[in-house]
Amino acid sequence: MAFPLVSLVFAIGVMLFGVAQPAAAVLRVVASTPDVADMTRQIGGDRVEVVTLAAGSQDPHKVPMKPSFVTKLNRADALVVNGLGLEHAFLPPLLEVASNPKILPTGPGYIDASVLIQPLEIPTSQNRSQGELHPLGSPHFNLDPVRGKQMAKAIADGLARVDPEGAADYRSGLERFNGVLDAKIAEWAQLAAPLRGVKAVSYHQDLVYLADRYGFGMVDTIETKPGVPATPSHLEALIDTMKRERVQLVIREIAYEMPLAQTVAARTGAQVATISSMAGGLPGTTGYIDSVEANLKALVAALHAAASE
Amino acid sequence: MRFPNQMNGRARRVLRCMVKFLAAAAILGVASRATATKSDDELAHVKAELEKTQSELGATREQLDATRAALEKLADKVDRIESGSTTTASIAPSAPRIAPVNADNPAISFVVDTAFSTGNLDPGYNFSLQSGELFISAPIDPFLRGYASLNGSSDEGFGLEEAALVTTSLPWNLTVKGGRFMSDVGRMPHWHNEQLPFVNRPESIERMFGGETISEGAEVTWLAPIDHYVRVTAGLYNAIGAENSEELLDDGFEGRRSFNELTWLVHPSTYFDLSDTVNLEVGGTWFTVNSDSTRNLFGADVTLRHQPGTSGLYQGLVVGSEWYWNSERFDEIEVGVDADTGEPLFGTQRFERNGGYAYAEAFLGRQYSVGVRGDYAENIAGPSGRQRTLSAFATWLPSEFQRLRLQGDAIAQDGIEGGDGYQITLQWTGFLGSHAHGFSAR
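Please read these numbers as outputs of a predicted model, since none were measured by experiment.

Quick look at the overall build of chain B now. Of regular secondary structure, chain B possesses 4 helices and 16 strands. Relative to its full complement of 442 residues, chain B shows a buried share of 24%. Put simply, 54% of the contacts in chain B that link residues at least 6 apart link residues at least 24 apart.

What follows is the structure, given as structure tokens:
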């Protein structure tokens, strides 16, 4: 009985070994999100081969744990994460079965893009009655391009640590990336100038860094608490607050449903702006820089629409 | 950006040294042209001046490097200040750094899984604690982690369900687990009750394994070092299945077996991304007790998932099925009745039985799912007691850590008078603490 089964397993193994292709790149990198994936590609160039786990349109808290992710993690030389707990729902269980100690958080190949970030919204108490809080502070700093530079610096430092021979390449890759990003940051300061002083609500509590950068105020969220869906009583209170505070924007992250955002906007005279909390989520965007730009353009367009009504 | 005064001084020193170097070079040039007319003393003087200037140049270069490093540090600091919040101060004040008293404690979670049910096969109404489960886990050292679950319920009292050690850094993609744990059979047999997508374990799995596949033994898991996902588990256990172990203990079994009486298991599984949003997972299970072929169990499990990652009403579908074939020899089992005395006769008999289930669950929005399940179950010994169950279930997640589920079962039992009936169950589950679904319960 045992022999045929063992033979079958062996045959499958031989077949799969036979079709496996050796990688040409120096460094196999797994990136948890599209943002850090794009930065790693820009900085690492030909020295890295990057695969991404989460897709831009997904809710980063609900990324499915596909077995194919396990093999990618198993074979990785480095793992680049956004950090501050953004990946808590899917990455720790995957790492537990990936059999690759070097990319564990304590391992040499673990590159945390948040290490230079000064976190905001650090909870003063840890209690789920306040929703699903991130104990280390909000992990959505990728939405702010200036903090994006710090992410890129942390990634370049991490790549140089994992692959010291490529340190000069990573340094020049970082300079190239920063050169493009700096020019865009100056451009975006003009683009986003109308947002200063505007009041907004978002679906999820994830815009503190973006609002901090461009000077708009976050009044409340459609979710009752972080990660807790809206209740009717919360929505009634939210609509009253929005009318009182003259909120102009309802910012809906693309991973969250549109109809409720539209209902709230319709009852308050605000406009819905759809953004993506990760790169590549909005149609026509692929990389970090065009995603930041698409988000800002969506916000400004919605604001103009609100002003014209 | 303005440089501080200290750096202006460094820059001045750099310039001064460069001028000296150029002057020395000019002097040297003049000296070289006038060698024939200058005395040896003058030549020695110029050489000494050159060495001194070169030495100063070296020192200046070092200063320049230090200045460049300081400049980079300051630029980093400027970036940090520029990108920092203008509204919130998050930098901790300088204070003694004292480790929290709970720093070395393991992650702890507790699940409360309670239900209210009614039906005509078991008439009346019943509140029950399906599971009150304490789960703790932590790394033990750089090579090992440990976990344990203690479970209490209305039906089974309170007990240690799992207590296991798992390696974390073995070479060749190997992981070894030892202790008491759910052996790696199929897909759902090793899931904890609260992880199931239904209010109860399928009857086929319940009868085949006696509930969860609790076992005492050791397992080795190998992840193939290739781009395609292939995972194989091999295990050796006293026995597989909760009731199997309990029956053995009840019968006075003292826990010593010959090597041939231990249970061997092999469970390969693989996975295919059929498209960006559709994937298929396939597994096979075989376990055996070699001694006189006491038990041979074969199983197959298939799971198809559609995970579009959209924010619309429809957010995905899971279709899954498991089927098991069991051939088992039972000793001291009632095989008939003595015609003369009417007393039961006991002997040895082998039973070939099978069973399994299939289900589909659709996810609607972020909070809801609905599904149906069909199950076919036979007893693994004695009369087959065939039972077919058709179930419909709906789940609502008020938050990520709270769940309400309503399930209706239509039950048909062969060979039992009045064996057809229904059951309705409302399940209410809450997750306390650091609860996170592991990879195996994805």
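Still to come is the rest of the account.
The next thing to look at is the overall build of chain A. Summing up its helical and strand segments, chain A has 10 helices and 8 strands in all. Over its C-alpha trace chain A gives a radius of gyration of 22 Å, about what one expects of a compact globule, namely 19 Å for 309 residues. The principal-axis extent of the C-alpha atoms belonging to chain A is close to 70 × 55 × 40 Å. Taken over 309 residues, chain A has a buried fraction of 52%. The contacts of chain A with a sequence gap of at least 6 include a subset with a gap of at least 24, amounting to 64%.

Within a sheet, neighbouring strands are paired by backbone hydrogen bonds and run either parallel or antiparallel to one another. All names here are of chain A. Spatially, the 4 strands line up as an open sheet ordered β6-β5-β7-β8, and their pairing is parallel. Bordering the open sheet on either side are β6 (217–221) and β8 (271–275), each of which pairs with just one other strand. When strand polarity is set aside, the average angle formed by the axes of neighbouring strands in this sheet is 30°. Along the sheet face, helix α9 (residues 258–268) touches β7 (249–253) and β8 and points at about 175° away from the line of β7. Together, β7 and β8 form the strand contacts of helix α10 (residues 288–308), whose direction differs from that of β8 by roughly 175°.

A word on the confidence of the model for chain B. Residues and elements named next belong to chain B. Chain-level pLDDT for chain B is 83 on average; 82% of the residues reach the 70-or-more range. The secondary structure element of chain B with the lowest average pLDDT is helix α4 (residues 242–250), at 51, and the one with the highest is strand β13 (residues 368–377), at 97. Per-residue pLDDT stays below 50 along residues 1–7; that stretch engages in 3 contacts with residues further than four places along the chain or on separate chains. In this model residues 85–93 is a low-confidence stretch, pLDDT under 50, and it forms 13 contacts with partners more than four residues away in sequence or in other chains. Both confidence scores are given for the complex: pTM 0.79, ipTM 0.83.

Residues and elements named next belong to chain B. Where strand β6 (residues 214–223) meets strand β7 (residues 230–240), 8 bridges bridge the pair, whose relative direction is antiparallel. Bridged to Val220 within β7 is Ala234. Counted along the chain from β6 to the antiparallel partner β7, the turn is 6 residues long.

As a further point, take the nonpolar core. Core analysis: the biggest nonpolar cluster contains 95 residues, and Leu73, Ala78, Val80, Ile155, Leu249 and Leu299 of chain A have the highest contact counts within it. Considering every element that reaches this core, the biggest residue donor is α10 of chain A, with 10 residues. If we skip the residues at most four places from it in the chain, Ala78 of chain A touches Leu27, Val29, Ile103, Gly109, Ile111, Leu159 and Val162 of chain A. Val185, Ile205, Phe287 and Leu297 of chain B belong to the second-largest nonpolar core, a separate cluster that totals 14 residues.

Here we take up the environment of Ile214 of chain B. For Ile214 of chain B, the position within the fold is in strand β6. For the pair Ile214 of chain B and Phe181 of chain B, spaced 33 residues apart in sequence, the C-alpha to C-alpha distance is 5.5 Å.

Turning next to the packing of helix α2 (residues 34–44) of chain A against helix α6 (residues 167–191) of chain A. It is at 7 Å that the axes of α2 of chain A and α6 of chain A come closest, and there the two elements cross at 120°. Between α2 of chain A and α6 of chain A, the contacting residues are Met39, Gln42, Ile43 and Gly44 of chain A on the first element and Tyr170, Gly173, Leu174 and Phe177 of chain A on the second.

We now examine the pairing of strand β10 (residues 295–306) of chain B. Residues and elements named next belong to chain B. Alignment of strand β9 (residues 278–289) against β10, held across 12 bridges, turns out to be antiparallel. Looking at β10, one finds that Asn279 is bridged to Arg305. Between β9 and β10, which pair antiparallel and follow one another directly, the connecting turn spans 5 residues, one of which, Asp292, has a positive phi of 55°.

A few words now on the packing of helix α8 (residues 232–245) of chain A against α9 of chain A. All names here are of chain A. Where α8 contacts α9, the two axes come as close as 9 Å, and the packing angle between them is 45°. Considering their axes alone, α8 and α9 lie oblique with respect to each other. Considering the relative orientation of α8 and α9, their crossing is right-handed. Between α8, through Leu235, Leu238, Ile239, Met242 and Lys243, and α9, the contact on the second element is made entirely by Val264, Arg267 and Thr268. Grouping the amino acids of the contact of α8 with α9 by side-chain chemistry returns 5 nonpolar, 1 polar and 2 charged.

Of all residues in chain A, 92% attain a pLDDT of 70 or more, and the chain-wide mean is 90. A low-confidence stretch, residues 14–24 of chain A stays under pLDDT 50, and its non-local contacts, those more than four residues away or across chains, total 9 contacts.

All names here are of chain A. Ordered by their spatial adjacency, 4 strands build an open sheet running β2-β1-β3-β4, and the pairing between neighbours is parallel. The sheet is open, and its two edges are formed by β2 (48–52) and β4 (110–112), each paired on a single side. Neighbour-to-neighbour, the strand axes of this sheet turn through a mean angle of 25°, independent of strand direction. Both strand β1 (residues 27–31) and β2 contribute to a ladder of 5 bridges, which runs parallel. Paired with Val29 across the strands is Val50, a residue of β2. Packing against the sheet, α2 makes contact with β1, β2 and β3 (78–81), and its axis sits at approximately 170° to β2.

Residues and elements named next belong to chain A. Those residues of α9 not exposed but buried are Ala261, Val264, Ala265 and Thr268. The arc enclosing the buried residues of α9, seen along the axis, measures out at 95°, which places them on a common side. Of the exposed residues in α9, those oriented more than 90 degrees away from the buried face are Pro259 and Ala266. Where α9 is buried, its residues meet α8, β7 and β8. After α9 finishes, the residue Gly269 shows a positive phi value of roughly 80°.

Looking now at the environment of Thr106 of chain A. Here Thr106 of chain A is to be found in the loop between α4 (91–97) and β4. Among the residues examined, Thr106 of chain A registers 10 C-beta atoms within 10 Å and is labelled exposed.

Moving on, we come to unusual backbone geometry. In this model, Leu84 of chain A sits at a positive phi of 55°, which is unusual for a non-glycine residue. With respect to the element layout, Leu84 of chain A can be found in the loop between β3 and α4. The phi dihedral of Trp172 of chain B is positive, around 55°, even though this residue is not glycine. Secondary-structure assignment places Trp172 of chain B in the loop between β4 (157–167) and β5 (174–182).

Conventions and cut-offs
- Residues numbered from 1 in each chain as written.
- Chains lettered and ligands numbered in written order.
- Predicted model: local features only at pLDDT ≥ 70, side-chain atom pairs only at ≥ 80, totals over all residues.
- Helix = DSSP H or I, 4+ residues; strand = E, 2+ residues; numbered from the N terminus.
- Buried ≥ 20, exposed ≤ 12 C-beta atoms within 10 Å, placed from the backbone.
- Contact = placed C-beta atoms within 7 Å.
- Rg over C-alpha atoms; globule rule 2.2 N^0.38 Å.
- Pairing = 2+ DSSP bridges.
- Axes fitted to C-alpha atoms, helices over the stretch in contact; angles between N-to-C directions.
- pLDDT = per-residue confidence, 0-100.
- Core = buried A, V, L, I, M, F, W, Y, C linked by C-beta atoms within 7 Å.
- Parallel < 35°, antiparallel > 145°, perpendicular 65-115°, else oblique.
- Left-handed = near helix turned anticlockwise from the far one by under 90°.
- Nonpolar A, V, L, I, M, F, W, Y, C, P; charged D, E, K, R; others polar.
- Arc of directions from axis to C-beta.

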